[in-house]
Amino acid sequence: MTCSEHFDAKAREWDEHPGKRNVAQVFVCELQKHVSLNPAMELLEFGCGTGLVSMELHRQVAAITLLDTSPGMLEVLQEKIVHHDIANMLPCLGDLSAIDSVKERFDLVYSNMTLHHVTNVEQTLVTLATLLKPGGILCLGDLETEDGSFHQSEMQVHHGFDCQQLAATLFQLGLDIEHCHRSHTMEKTDTKGQTQKYPLFFLQARRPAP
Ligand SMILES: C[S@@+](CC[C@H](N)C(=O)[O-])C[C@H]1O[C@@H](n2cnc3c(N)ncnc32)[C@H](O)[C@@H]1O
């Protein structure tokens, strides 16, 4: 099963899952605590899913481009956009290659629980960094390094990350690191049916203004 087929199959029930809503809400709280949003800002969410994060942010900013490879997740998002008559959330089907990195620049790029699904993490970080305006901010939320029990084995994923290592990579790409810390510890039933704790990190970096 491909990644997008996996999420297509989960899309309709995604928002009904309290754990997924809670993890999105934790990320929103971290972002709101550390980033001053304003009505002129252009945002990009990478791996938006059904829009649990961006639905909480769109009223405070000019526009949000929402990128995801799963048509099923974007279909649920689009229904919410229509239902709430939202004009400034712009869903986009695809991976980062769907964004024109020469022409498009954002004040804030963010991604919650998506990086561990990405094949080439380093290239993804390079592209995310490229998409920032000078002074622009990148916020990432994801799993800390785990033992591989978080996902079903058929899913091709990374087993979380060392936040400090990701921060070091972003620093090498020219970004200033503003936050790198544990944001939450979630509980989930693992692949063997046991309840396990999985810590999550929040990482914030900024492209220096000239
Ligand atoms: C675990 S879900 C998280 C969704 C959302 N961020 C949230 O917090 O509810 C990961 C999402 O990333 C998307 N995704 C995975 N790989 C991607 C890629 N390379 N480019 C864009 N989206 C991707 C999946 O389709 C899925 O919707």
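Model, not experiment: these values are computed from the prediction.

A.B. asks: Lay out the overall build of the protein chain with the relevant residues and their values.
C.D. replies: Secondary structure assignment for the protein chain yields five helices and seven strands. Starting at the N terminus, the α and β elements of the protein chain follow one another as α-α-β-β-α-β-β-α-β-α-β-β. Its C-alpha atoms give the protein chain a radius of gyration of 16 Å, near enough to 17 Å, the size a compact globule of 210 residues would have. The C-alpha extent of the protein chain, read off along each of the three principal axes, is 50 × 40 × 30 Å. When the 210 residues of the protein chain are sorted by exposure, 50% land in the buried category. Sequence-distant contacts, at least 24 apart, represent 70% of the contacts inside the protein chain between residues at least 6 apart. Total accessible area on the protein chain is roughly 10300 Å²; 50% of this is exposed by carbon and sulfur atoms. Of the charged side chains in the protein chain, 16 are positive and 28 negative; the average position of the first set lies 4 Å away from that of the second.

A.B. asks: I'd like a rundown of the pairing of strand β6 (residues 176–189), residues and numbers included.
C.D. replies: Bridge count between β6 and strand β7 (residues 195–206): 12 bridges; the pairing is antiparallel. In the strand pairing of β7, T185 is matched with P199. Linking two consecutive strands that pair antiparallel, namely β6 and β7, is a turn of five residues; a positive phi of about 85° is found at G193 within it.

A.B. asks: Quick rundown of helix α2 (residues 18–34)? Include the residues and the values.
C.D. replies: If you check α2, its first and last C-alpha atoms are 24 Å apart, about what 17 residues at 1.5 Å a residue would give, namely 24 Å. Within α2, burial applies to V23, A24, V26, F27, V28, E30 and L31. Buried residues along α2 sit against β4 (106–112), β5 (132–143), β6 and β7.

Scoring rules and cut-offs
- Residues numbered from 1 in each chain as written.
- Predicted model: local features only at pLDDT ≥ 70, side-chain atom pairs only at ≥ 80, totals over all residues.
- Heavy atoms only, no water.
- Helix = DSSP H or I, 4+ residues; strand = E, 2+ residues; numbered from the N terminus.
- Rg over C-alpha atoms; globule rule 2.2 N^0.38 Å.
- Buried < 20%, exposed > 50% of the residue type's maximum accessible area, 1.4 Å probe, protein only.
- Contact = heavy atoms within 4.5 Å.
- Areas by Shrake-Rupley, 256 points an atom, 1.4 Å probe, with all protein chains shown as cover.
- Lys, Arg positive; Asp, Glu negative; His and termini not counted.
- Charge placed at Lys NZ, Arg CZ, Asp CG, Glu CD.
- Pairing = 2+ DSSP bridges.
- Expected span 1.5 Å × (residues − 1).

The values are spatial; any link to function lies outside them.
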